Amino acid sequence: MSVLVYTESENGKFKKTALEVASYAKAVADQLGTTVTAVAVNADDTSELGKYGVDKVLNVSNSGLDKFNAKSYASVIKQAVEKEDAKVVVVSQTADSKYLAPVLAVGLNAGYASNVVEAPSNTAPFTVKRTAFTNKAFNVTAINTDVKVVGVSNNAFGLVENTASATAEDFSPTVEDSGVTVQSVDKATDKVTIADAEIVVSAGRGLKGPENWGMVEELAEVLGAATACSKPVSDLGWRPHSEHVGQTGKPVASNLYIAIGISGAIQHLAGINASKVKVVVNTDPEAPFFKAADYGVVGDAFEVVPALIEKLKAFKAANA
Amino acid sequence: MSYDNVIVLSFQENNQKFNNKNMKILVCISHVPDTTSKINFTDGDSKFDTNGVQFVINPNDEFGLTRAMWFKEKQGASVDVVNVGGAETEPTLRKALAIGADNAIRVNAEAKDGFQVAKELAKVVQDGGYDLVIAGRESIDYNGGMVPGMLSELIGANFVTNCINLEIDGTNATATREIDGGKETVTTALPLVIAGQKGLVEESDLRIPNMRGIMMARKKPLNVVEAANAETETTSVKFEKPAPKGAVTLVDAGNLDELVNLLHNEAKVI
Ligand SMILES: Cc1cc2nc3c(=O)[nH]c(=O)nc-3n(C[C@H](O)[C@H](O)[C@H](O)COP(=O)(O)OP(=O)(O)OC[C@H]3O[C@@H](n4cnc5c(N)ncnc54)[C@H](O)[C@@H]3O)c2cc1C
Ligand SMILES: Nc1ncnc2c1ncn2[C@@H]1O[C@H](COP(=O)(O)O)[C@@H](O)[C@H]1O
């Protein structure tokens with residue numbers, strides 16, 4: 001018996017969420033008195049995983065898995081679960097892991113809890129806390145099956161370092177054809193994505209028009225942040241849909257969320273509430289966002305944002 | 001942005017090109033609290049408090065239903081809607097009929113977990129011989145993001161999630177899914193389950209039922225079918241509300257050094 005974790009990589013490198021789910025798997029393994037086995041697909045160097053509590057890595061190297069595919073990947077992980085006799089399978093909540101998890105759960109006859117934010121409060125019954133009602137509440141859920149699949153929310157558990165090192169072995173599962181063929185991928189490789197970002201800079205209708213987003217992008221660049229926007233901004237076509245965050249858009253769970261000219265409607269807040277620290281810049285001191293924020297500046301974005309960019313540049317220069 | 005062009009084009013496309021007269025579509029509708037709802041719990045925090053809460057079609061499902069109406073109107077497909085739930089969900093199904101679905105099915109069971117719902121839906125899909133199932137990326141109440149993927153695996157259909165564009169030609173499908181930081185276009189085939197979201201159609205394409213639609217919906221069939229009594233795999237133990245948040249720290253617009261200082265030394269996020 002062991003705890004199995006799927007450590008997602010991209011172009012051979014582990015994503016930050018992979019290290020986070022490894023840390024989570026280690027916490028579960030400690031509770032169960034067992035070890036952690038990771039499954040890595042086409043990763044270059046798996047030694048890093050040991051630092052986050054992984055005891056053994058199953059290295060899968062197969063050109064049929066170059067492009068992500070939910071059913072094929074789920075089948076690979078299932079074969080690893082069977083080989084290791086794993087009882088708990090931990091995955092992240094990236095777009096790809098969310099895609100494969102329900103498919104994997106059915107394949108394993110396993111109960112699945114998504115959006116989990118804490119280590120299990122109990123292992124028998126196996127009980128986890130997950131977000132529900134788009135961050136307006138938590139739901140404590142018990143998974144009653146023999147094998148359990150846990151989807152850990154990005155940025156919820158954090159990285160926990162260990163001193164152990166991991167052994168590695170090659171693993172050659174059968175790779176099934178999945179019926180879905182990737183034709184093209186359209187992805188900006190030079191930009192931080194909302195899902196991975198530590199910091200997100202988001203702007204709303206208060207910015208008046210798409211021509212004013214230069215300063216938002218500059219602020220994001222100074223901070224190494226991803227850019228996001230409120231729903232009306234993407235509905236108006238000022239910004240691409242992929243930047244729409246909130247209850248009906250992308251969820252945000254960054255360390256820092258900066259909202260500029262966003263009123264703080266309940267649907268907006270629901271989607272970004274999982275962020276740890278929130279800053280609002282708004283001309284209207286009565287804007288609801290001030291009730292949800294940690295830090296606030298009552299002021300005009302067209303003055304505050306350029307000034308903040310200068311301050312941050314100076315701060316970076318001083319701390320470089 | 002380029003995606004907008006795809007949608008516009010597809011709406012103008014000549015429907016003669018397609019031959020989907022017999023395509024049977026099932027749209028899964030989850031019945032959820034309106035997005036403005038205050039979330040409270042009763043019975044020792046074990047149940048969602050429905051008092052004063054307005055229920056709506058899950059927004060992700062509304063995008064899917066609207067795309068299904070396009071397949072019906074332009075390509076001659078038939079569109080049924082389904083919900084697994086108690087009698088209280090019928091007004092939501094009637095709304096889907098008023099938007100234009102042909103038939104509604106309610107599986108008479110309390111929805112308890114994703115796996116149970118997926119199993120009930122699998123039976124409906126198999127009994128009805130549907131070619132395409134359109135569900136939502138996630139329901140905004142439970143946020144499971146699991147029913148469509150589980151359903152696809154249970155019925156052995158292809159599956160695409162976070163779907164922001166879908167074209168069907170005969171039994172071939174082309175779909176675009178959102179990935180972290182971009183999008184990906186895939187080809188696949190019916191039978192297919194997709195989990196959709198905004199982008200499948202635009203906000204401006206959504207339809208508010210008109211009087212005629214509402215009148216017609218009253219006469220359309222809403223069949224209540226008995227549940228297969230599928231098992232659950234998880235149990236909801238209790239709900240919790242987030243801890244109340246402290247007051248905001250205001251920083252003067254003329255003193256942004258202080259904001260940088262607070263973010264660095266107090267919040268430790270930069
Ligand atoms: C079903 C449903 C789902 C929804 N889902 C989402 C969602 O997922 N995400 C989302 O964001 N919204 C969502 N909404 C919309 C939401 O209700 C709000 O309408 C929206 O969030 C408002 O966007 P906004 O804050 O950019 O614009 P506004 O509400 O117009 O606010 C603009 C703000 O900018 C401020 N401002 C103006 N000028 C300046 C200036 N010069 N400097 C600084 N501040 C300035 C104003 O004081 C105001 O507070 C949803 C709505 C519905 C009905
Ligand atoms: N009780 C239900 N009845 C019908 N469809 C459902 C039900 N619950 C979930 N679904 C469908 O599955 C999607 C994802 O839901 P969930 O897995 O609960 O996040 C929803 O958008 C619906 O399309």
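Described below are features of the structure shown in this document. (Residues numbered from 1 in each chain as written. Chains lettered and ligands numbered in written order. Predicted model: local features only at pLDDT ≥ 70, side-chain atom pairs only at ≥ 80, totals over all residues. Heavy atoms only, no water.)

Across the boundary between the two partners, chain B contributes 73 residues, which contact 87 residues of chain A. At the boundary of chain B with chain A, total buried surface from both sides reaches about 6900 Å², with 58% on carbon and sulfur atoms. When the buried area of chain B at its contact with chain A is split by residue, Asp180(B), Lys198(B) and Glu233(B) rank highest and sum to 10% of it. For the pair chain B and chain A, the interface holds 8 salt bridges. Notably, a salt bridge pairs Lys198(B) with Asp235(A), separated by 2.8 Å at the nearest N-O pair. One can count 47 residue pairs in polar contact (both at pLDDT 80 or more) joining chain B with chain A. Every element with two or more residues in the side of chain B that touches chain A is listed here: helix H5 (147–155), strand S9 (158–169), strand S10 (172–179), strand S11 (182–189), strand S14 (234–240), strand S15 (249–250) and helix H7 (256–266) of chain B. (Contact = heavy atoms within 4.5 Å. Buried area = accessible area lost by both parts, 1.4 Å probe. Salt bridge = Lys/Arg side-chain N within 4 Å of Asp/Glu carboxyl O. Polar contact = N/O pair within 3.5 Å; in protein donor to acceptor, adjacent residues only side chain to side chain. Helix = DSSP H or I, 4+ residues; strand = E, 2+ residues; numbered from the N terminus.)

Here we come to the packing of helix H3 (residues 95–108) of chain A against H5(B). With their axes 7 Å apart at the nearest point, H3(A) and H5(B) run at an angle of 45 degrees to one another. What the angle tells us is that H3(A) and H5(B) run oblique. Like other packed secondary-structure pairs, H3(A) and H5(B) cross with a definite hand, here right-handed. Residues Pro102(A), Val103(A), Ala105(A), Val106(A) and Gly107(A) of H3(A) lie in contact with H5(B), whose contacting residues are Gly149(B), Met150(B), Ser152(B), Glu153(B) and Leu154(B). (Axes fitted to C-alpha atoms, helices over the stretch in contact; angles between N-to-C directions. Parallel < 35°, antiparallel > 145°, perpendicular 65-115°, else oblique. Left-handed = near helix turned anticlockwise from the far one by under 90°.)

Residues and elements named next belong to chain A. Given a rise of 1.5 Å per residue, 14 residues ought to cover 20 Å, and the 21 Å separating the end C-alpha atoms of H3 matches this to within 8%. Considering bend angle alone, the principal kink of H3 is centred on Ala101 and spans about 30 degrees; proline Pro102 follows within four residues of it. Of all 14 residues that make up H3, 12 are buried, and the element is covered over most of its length. Residues of H3 that are buried: Ala95, Asp96, Ser97, Tyr99, Leu100, Ala101, Pro102, Val103, Leu104, Ala105, Val106 and Leu108. Directly beyond the C-terminal end of H3, a positive phi value near 55 degrees is found at Asn109. (Expected span 1.5 Å × (residues − 1). Bend = angle between axes of the 7 residues up to and from the residue. Buried < 20%, exposed > 50% of the residue type's maximum accessible area, 1.4 Å probe, protein only.)

Let us now look at the site of ligand 2. Residue and element names in this part refer to chain B. Every one of the 21 residues lining ligand 2 counts as a neighbour, but Asp61, Val84, Ser139, Gly145 and Met146 are closest to it. Cys28 places a polar main-chain atom, nitrogen or oxygen, 2.9 Å from an oxygen atom of ligand 2. Here an oxygen atom of ligand 2 and a backbone polar atom of Gly136 are 2.9 Å apart. Starting from 480 Å² of accessible surface for ligand 2 in isolation, the protein chains cover 95%. Within the residue set of the shell around ligand 2, elements represented by two or more residues are strand S6 (78–85), helix H4 (114–128), strand S8 (132–136) and H5. (Near = heavy atom within 4 Å. Areas by Shrake-Rupley, 256 points an atom, 1.4 Å probe, with all protein chains shown as cover.)

With that settled, the discussion passes to the sheet that holds strand S16 (residues 256–260) of chain A. The strand order across the open sheet built from 6 strands is S15(A)-S14(A)-S16(A)-S17(A)-S18(A)-S15(B), with neighbouring strands paired in parallel fashion. Two strands bound the open sheet, and with one partner strand each, they are strand S15 (226–229) of chain A together with S15 of chain B. As defined by bridge partners, strand S17 (residues 277–282) of chain A adjoins strand S18 (residues 295–298) of chain A across 4 bridges and the pair is classed as parallel. Pairing of Val279(A) across the sheet is with Tyr295(A), part of S18(A). The strands touched by helix H4 (residues 214–223) of chain A within the sheet are strand S14 (199–203), S15 and S16 of chain A, with S14(A) carrying the most contacts at an inclination of about 170 degrees. (Pairing = 2+ DSSP bridges.)

To continue, consider the packing of aromatic side chains. For the structure on display, the rule yields 13 aromatic pairs over all chains. Ring geometry for Tyr257(A) versus Phe289(A): centroids 6.5 Å apart, planes at 10 degrees, classification stacked. A residue pair is termed long-range when its members are at least 10 positions apart, and Tyr257(A) in strand S16 and Phe289(A) in helix H7 (residues 289–292) qualify at 32 residues. Both residues of the pair, Tyr257(A) and Phe289(A), belong to the buried class. Counting every residue linked through ring pairs, the aromatic cluster contains Tyr6(A), Phe68(A), Tyr73(A), Tyr99(A) and Phe159(B). When the ring centre of Tyr130(B) is taken as reference, the NZ or CZ atom of Lys24(B) above it lies at 4.8 Å. (Phe/Tyr/Trp six-rings, centres within 6.5 Å; stacked < 30°, edge-to-face > 60°. Lys NZ or Arg CZ within 6 Å of the ring centre and 35° of its normal.)

Attention shifts here to the site of ligand 1. All names here are of chain A. Close contacts around ligand 1 come from 27 residues, with Ser230, Ser263, Gln267, His268 and Asn282 the closest. Ala301 has a polar backbone atom sitting 2.9 Å from a nitrogen atom of ligand 1. In isolation ligand 1 offers 980 Å² of accessible surface; the protein chains occlude 76% of this area. Secondary structure elements with two or more residues in the shell around ligand 1: helix H5 (231–235), helix H6 (266–272) and helix H8 (301–319).

These results come straight from atomic positions and should not be treated as a statement about function.
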